[in-house]
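Letter by letter, the chains look like this.
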Amino acid sequence: METPDEKLTKILHLEAEKCQDRAVFGGLARYVGTWLQEAEAAFGPEAADWIQAVADQLHAYSSLPDSAARHEAITALSELLQTTPPPRPSQREDTKETVPAPSAPTEIKSAPATPPPPRGRPRREHPAEQPAPIPSVPTHAHTGIASPITALQGVGPQQAKRLAKLGIHTIHDMLHFFPRRYDDYSQLKPINRIVYGEDVTIIAQVWDAGVRQTRGGSSIFKATLSDGTGFVEATWFNQRYLADRIKRGQQIVISGQVDEYLGHLCFNSPEWEPLEQELLHTARLVPIYSLTQGIHAKWMRRLMKRTVDYWSKRLPDHMPDSVREAAGLMDLDTATLQIHFPDDQELLKRARYRLAFDELFVLQIGLLHRRHLYRSTPGEALPVDDATLYDFIHNLPFELTQAQQRALQQIVADLRSDQPMNRLLQGDVGSGKTAVAAAAMALTVAAGAQAAMMAPTEILSEQHYQTLGRLLEQMPGHSPTIRLLTGSVTGQEREEIYTGLANGSVDVLVGTHALIQKGVQFKNLALAVIDEQHRFGVRQRAALRQKGLRPEGSPEGSPQRAQPEGYDPHLLVMTATPIPRSLELTIWGHMDVSVIDEMPPGREPVTTRLLLPTERERAYNFVRHQIEKGHQAFIICPLVEESEKVEAKAAVDEHKRLQKYIFPELRLGLLHGRMKGEDKEATMARFAQGELDILIATSVVEVGIDVPNATVMLVEGADRFGLAQLHQFRGRVGRGEHASYCLLVSDSVSPEAQERLQAVEATNDGFALAQKDLELRGPGEFLGTRQSGFPDLKLANVTDLQLVEAAREAALRFFETDPELADPDNRLLSQRVAQFWKGKGEVS
């Protein structure tokens with residue numbers, strides 16, 4: 001006698017010939033009722049989820065748009081049928097030695113730690129064959145969680161491919177595939193108290209139910225429900241199979257939004273479940289997961305419930321008990337269950353807090369470990385003389401602000417320490433970071449060592465070279481020897497610089513990536529300064545540090561060693577991008593941070609104006625007026641070249657249009673990221689030297705060019721840039737003595753876009769804008785691709801400063817007890833940290 005799955009397989013084979021939904025009378029959707037009845041009788045209640053999964057796909061088949069989609073659906077159904085569950089318990093030859101499946105946790109007496117083999121058709125064994133042995137329990141209880149997703153009942157190769165599109169490859173991935181939101185159907189009401197428009201759940205008896213055909217050929221299934229307080233009608237469209245599922249006299253639960261038709265309250269396509277089942281889709285906080293084609297919401301919830309019920313109890317908890325108890329955190333297994341299927345809002349809140357705390361705690365442990373590794377290498381304590389520091393500061397042509405003095409004192413303390421400095425100096429554009437760095441370099445040279453500064457572009461390196469030259473001339477006594485090393489420096493001049501660095505006659509070296517080339521050897525590099533540090537990769541920053549390594553106790557002038565032990569130079573990295581406090585504790589949590597949050601006196605703020613596209617001619621006239629006064633201007637475009645998909649100004653085309661039609665009498669230059677390095681440098685140099693009136697550019701000018709004569713920054717498509725980025729553009733002007741202006745032209749008039757740009761118009765405070773930008777766009781967009789090595793956070797929000805600080809403090813307290821994570825009790829935490837940071841260079 002044919003089993004229901006064998007019968008359905010034949011039907012699918014027939015349907016696959018033409019994929020016209022004609023293999024059975026009325027289509028596969030109509031066959032659902034027959035399938036449910038026969039399959040439930042053959043396989044029993046323990047196979048209910050698998051039976052329903054087949055039914056869902058059969059029902060969806062008729063609505064697929066074309067034969068290609070139907071062919072794919074037949075393939076998926078065929079694979080699902082290959083995962084037929086084992087025979088019912090009464091039909092088994094030997095139930096005592098059968099290991100229960102993870103997908104049926106109610107049957108489990110002693111659960112295996114490794115997953116059972118993938119389900120297939122029951123194998124008819126030869127009488128002489130012995131039953132398969134029970135799998136042994138592995139040494140590590142969490143081994144099974146790393147098993148492929150196909151180990152779960154109901155997940156065949158085709159469904160596994162679809163789940164892979166969602167990033168789910170293993171059981172571990174499944175447990176950490178968190179809902180993107182929840183539908184709150186927990187509000188249970190009697191029918192006589194439901195209100196139009198509310199999301200509600202009712203429990204009622206089916207008084208009448210049936211299918212009728214519409215004039216257009218569609219079908220409508222209607223059920224009249226009553227709970228003793230009143231009647232309400234529920235309607236489902238094109239779901240004829242429900243006639244075999246919802247029967248008169250049955251008790252069901254429905255959840256959905258209350259609608260209205262012809263003056264009567266009703267439900268349209270609500271979620272429903274029989275009252276006797278465990279409720280997953282109704283009468284609760286229902287999890288809503290991200291889906292992909294071929295993965296349906298109910299199927300995903302059922303699979304997730306089976307997975308969570310069994311495997312959450314087997315998740316190894318990496319969080320040390322002391323940390324969990326001090327922070328009042330929920331158990332990991334409870335948190336995992338409640339994040340997927342919360343009993344109420346309070347438990348959901350606690351579960352989310354526990355799992356978000358986990359992510360931030362592991363993040364902080366990784367950052368602290370990196371900091372520990374850096375500090376474990378001996379540094380060279382420099383004999384910084386207070387009198388030298390005093391003389392240098394008082395010989396400067398300007399007075400340092402209180403913020404500059406505070407930052408300099410922190411740096412001086414680091415230089416005097418035998419632990420290498422690892423400090424981030426952040427300050428707004430024009431706040432005086434270079435002056436602070438110059439003081440640190442002067443003190444290093446006065447102590448008999450060398451200093452180096454690396455910048456991302458040649459023109460910025462040249463600007464630093466000239467600025468440092470002027471500032472270091474103020475040093476009392478001997479003026480240090482400063483040299484510039486870029487890609488343009490070649491031949492004899494380059495060899496002279498190499499020689500001077502090796503013998504110590506060059507005290508300060510300024511340059512680009514050329515500083516980390518193989519031929520560069522310092523005699524005693526004690527301080528490395530990196531400007532616009534986010535423009536360099538981890539390896540490039542590390543390469544500059546390596547230039548300062550030399551053997552402990554070796555005499556000055558000893559050749560540089562290849563082995564990593566020895567002195568590390570002090571490292572100071574600078575950024576003009578204001579960093580919100582929460583990111584300071586996360587992205588840069590492995591560094592000490594100094595903040596210059598005060599502008600030098602007398603510097604005029606840049607006037608910012610938000611313009612509509614219709615006011616563009618006014619902006620052009622203003623630019624022309626400023627150039628007639630002898631000044632220069634930037635015009636920023638969001639794109640390099642025109643795109644059919646994006647309606648935005650493109651630099652290449654805009655340069656041609658402006659030169660031909662708007663500013664034919666002026667000298668216009670073009671700058672974008674696709675140009676060769678030497679061409680970009682040449683264009684920036686021409687603009688800096690006054691050979692160009694207007695520079696049309698992309699965001700490549702965000703950093704790296706200082707033109708005091710430029711007084712106008714016109715940003716096209718300003719709504720397409722982040723607030724912090726717009727602030728950086730604005731910082732390219734106002735660097736001289738002239739009044740300067742930033743004009744923002746928005747392509748969007750949406751309230752959200754206007755709110756963002758009005759924030760830039762209202763304040764010149766870069767830190768306030770950075771915080772606003774972070775809140776509006778989130779950390780991913782705020783950081784862009786600059787921190788691609790940063791681990792993904794699934795639940796934690798780095799804008800939640802209170803949670804970030806709590807995790808940071810807990811990590812600091814714990815790290816003091818076991819900085820190497822060598823204690824056997826912390827083995828799981830060590831493994832979790834390694835897994836979390838795997839492949840992320842930012843903490844390597």
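These figures come from a predicted structure and were not determined experimentally. (Residues numbered from 1 in each chain as written. Predicted model: local features only at pLDDT ≥ 70, side-chain atom pairs only at ≥ 80, totals over all residues. Heavy atoms only, no water.)

1. Some points on the overall build of the chain
Phase 1: Counting its regular elements, the chain contains 25 helices and 21 strands.
Phase 2: Counting across all 844 residues of the chain, residues that qualify as buried make up 52%.
Phase 3: Taking all contacts inside the chain whose residues are at least 6 apart in sequence as the whole, residues at least 24 apart take part in 71%.
Phase 4: For the chain, the exposed area adds up to about 38,700 Å²; of that, 49% sits on carbon and sulfur atoms. (Helix = DSSP H or I, 4+ residues; strand = E, 2+ residues; numbered from the N terminus. Buried < 20%, exposed > 50% of the residue type's maximum accessible area, 1.4 Å probe, protein only. Contact = heavy atoms within 4.5 Å. Areas by Shrake-Rupley, 256 points an atom, 1.4 Å probe, with all protein chains shown as cover.)

2. So, the environment of E737
Phase 1: With respect to the helices and strands, E737 occurs in the loop between helix 21 (723-730) and strand 21 (741-745).
Phase 2: For the pair E737 and R603, spaced 134 residues apart in sequence, the C-alpha separation works out to 8.0 Å.

3. Topic: the sheet that holds strand 19 (residues 694-697)
Phase 1: As summarised here, the arrangement of the six strands in space is 16-21-20-17-19-18, forming an open sheet in which the pairing is parallel. Strand pairing shows two members of the sheet lacking a second neighbour, strand 16 (607-611) and strand 18 (668-671), which therefore form its edges. Neighbour to neighbour, the strand axes of the sheet diverge by 15° on average, direction disregarded.
Phase 2: The sheet contact formed by strand 18 and strand 19 spans four bridges and is parallel. Following the sheet pairing, L670 is matched in strand 19 by I696.
Phase 3: Across the sheet, helix 19 (residues 651-662) lies against strand 17 (632-636), strand 18 and strand 19, angled at about 175° from strand 18, the strand it touches most. (Pairing = 2+ DSSP bridges. Axes fitted to C-alpha atoms, helices over the stretch in contact; angles between N-to-C directions.)

4. Quick look at unusual backbone geometry
Phase 1: We note that N238 has phi near 55°; this positive angle belongs to a residue other than glycine.
Phase 2: In this structure, N238 sits in the loop between strand 4 (231-237) and strand 5 (251-261).
Phase 3: With a phi angle near 50°, L821 is a residue other than glycine that sits in the positive phi range.
Phase 4: Assignment of secondary structure puts L821 in the loop between helix 24 (801-817) and helix 25 (827-836).

5. Some words on the packing of aromatic side chains
Phase 1: According to the stated counting rule, one finds 13 aromatic pairs in the structure shown.
Phase 2: Ring centres of Y620 and F663 lie 5.8 Å apart, and the angle between their planes is 80°; this geometry places the pair in the edge-to-face category. Taken together, the residues span a long stretch of sequence, with Y620 in helix 18 (residues 616-628) and F663 in the loop between helix 19 and strand 18 at a distance of 43 residues.
Phase 3: Aromatic pair F622 and Y741: ring centres 4.9 Å apart, planes at 85°, arrangement edge-to-face. Of this pair, F622 sits in helix 18 while Y741 sits in strand 21, and the two are 119 residues apart along the sequence.
Phase 4: The ring centre of Y61 lies 5.6 Å from the NZ or CZ of R70, which sits over that ring.
Phase 5: One Lys or Arg, K305, reaches over the ring of F341 and ends 5.7 Å from the middle of that ring. (Phe/Tyr/Trp six-rings, centres within 6.5 Å; stacked < 30°, edge-to-face > 60°. Lys NZ or Arg CZ within 6 Å of the ring centre and 35° of its normal.)

6. Description of the side chain of H655
Phase 1: Relative to the elements of secondary structure, H655 occurs in helix 19.
Phase 2: A residue is classified by how much of its surface remains accessible, and H655, at 18% relative accessible area, is buried.
Phase 3: With residues near it in sequence (within four places) discarded, H655 still touches L668, G669, L670 and I696.

7. Things to note about the pairing of strand 20 (residues 710-715)
Phase 1: Counting buried residues along strand 20, six of its six residues qualify, which places the element largely inside the surrounding structure.
Phase 2: When strand 17 meets strand 20, the two strands line up parallel, connected through five bridges. Bridge assignment links F634 to a residue of strand 20, and that residue is M713.
Phase 3: In this view, the connection linking strand 20 to its parallel neighbour strand 21 by way of helix 21 has right-handed handedness. (Right-handed = clockwise from strand over helix to strand, strands pointing away.)

8. Describing the nonpolar core
In summary, soluble globular proteins display a tendency toward joint burial of nonpolar side chains.
Phase 1: Of all hydrophobic cores here, the largest spans 107 residues; its most connected members are W35, L163, L225 and F361.
Phase 2: Per element, the largest residue contribution to this core is twelve residues, and it comes from helix 10 (residues 345-376).
Phase 3: Not counting residues within four places of it along the chain, the set of residues in contact with W35 comprises P4, D5, L8, W50, I51, V54, A55, L58 and L81. (Core = buried A, V, L, I, M, F, W, Y, C linked by side-chain atoms within 4.5 Å.)

9. Some details on the side chain of R371
Phase 1: Turning to its location among the elements, R371 is positioned in helix 10.
Phase 2: Among residues more than four places away in sequence, those in contact with R371 are H590, D592 and R808.

10. What to know about helix 9 (residues 332-340)
Phase 1: Within the span of helix 9, buried status applies to L332, A335, T336, Q338, I339 and H340.
Phase 2: For helix 9, the elements touching its buried residues are helix 6 (171-175), strand 1 (181-184), strand 8 (285-288), helix 7 (297-311) and helix 10.

11. Points about the pairing of strand 14 (residues 570-575)
Where a strand is regular, its side chains alternate between the two sheet faces.
Phase 1: For strand 14, the tally of buried residues reaches six of six residues, placing the bulk of the element in the interior.
Phase 2: Where burial is concerned, the two faces of strand 14 agree: the one with H570, L572 and M574 and the one with L571, V573 and T575 are both buried.
Phase 3: Pairing between strand 9 (residues 422-427) and strand 14: five bridges, direction parallel. Within strand 14, the residue paired with L425 across the bridge is M574.
Phase 4: Here five bridges tie strand 13 (residues 525-531) to strand 14, and the two strands are oriented parallel to one another. Residue pairing in the sheet places A528 in a bridge with L571 of strand 14.

12. Regarding the confidence of the model for the chain
Phase 1: With 84% of its residues at a pLDDT of 70 or more, the chain shows a mean pLDDT of 80.
Phase 2: Every residue in residues 89-143 is under pLDDT 50, and counting partners more than four places away or in other chains gives 74 contacts.
Phase 3: Throughout residues 551-565 the model reports pLDDT below 50, and contacts reaching past four residues in sequence, or to other chains, amount to 21 contacts. (pLDDT = per-residue confidence, 0-100.)

13. Some thoughts on the sheet that holds strand 15 (residues 592-596)
Phase 1: Across the sheet, which stays open at both edges, the seven strands sit in the order 11-12-10-13-14-9-15 with parallel pairing between neighbours. Edge positions in the open sheet fall to strand 11 (482-485) and strand 15, since each of these has one partner strand only. Taking each pair of neighbouring strands and ignoring which way they run, the sheet shows an average axis angle of 20°.
Phase 2: Alignment of strand 11 against strand 12 (residues 508-511), held across four bridges, turns out to be parallel. From the neighbouring strand, I482 faces strand 12, where its bridge partner is V508.
Phase 3: Packing against the sheet, helix 14 (residues 458-472) makes contact with strand 10 (450-454), strand 11, strand 12 and strand 13, and its axis sits at approximately 180° to strand 11.
Phase 4: Most of the contacts of helix 15 (residues 491-503) go to strand 11, to which it runs at about 130°, and overall it touches strand 10, strand 11 and strand 12.

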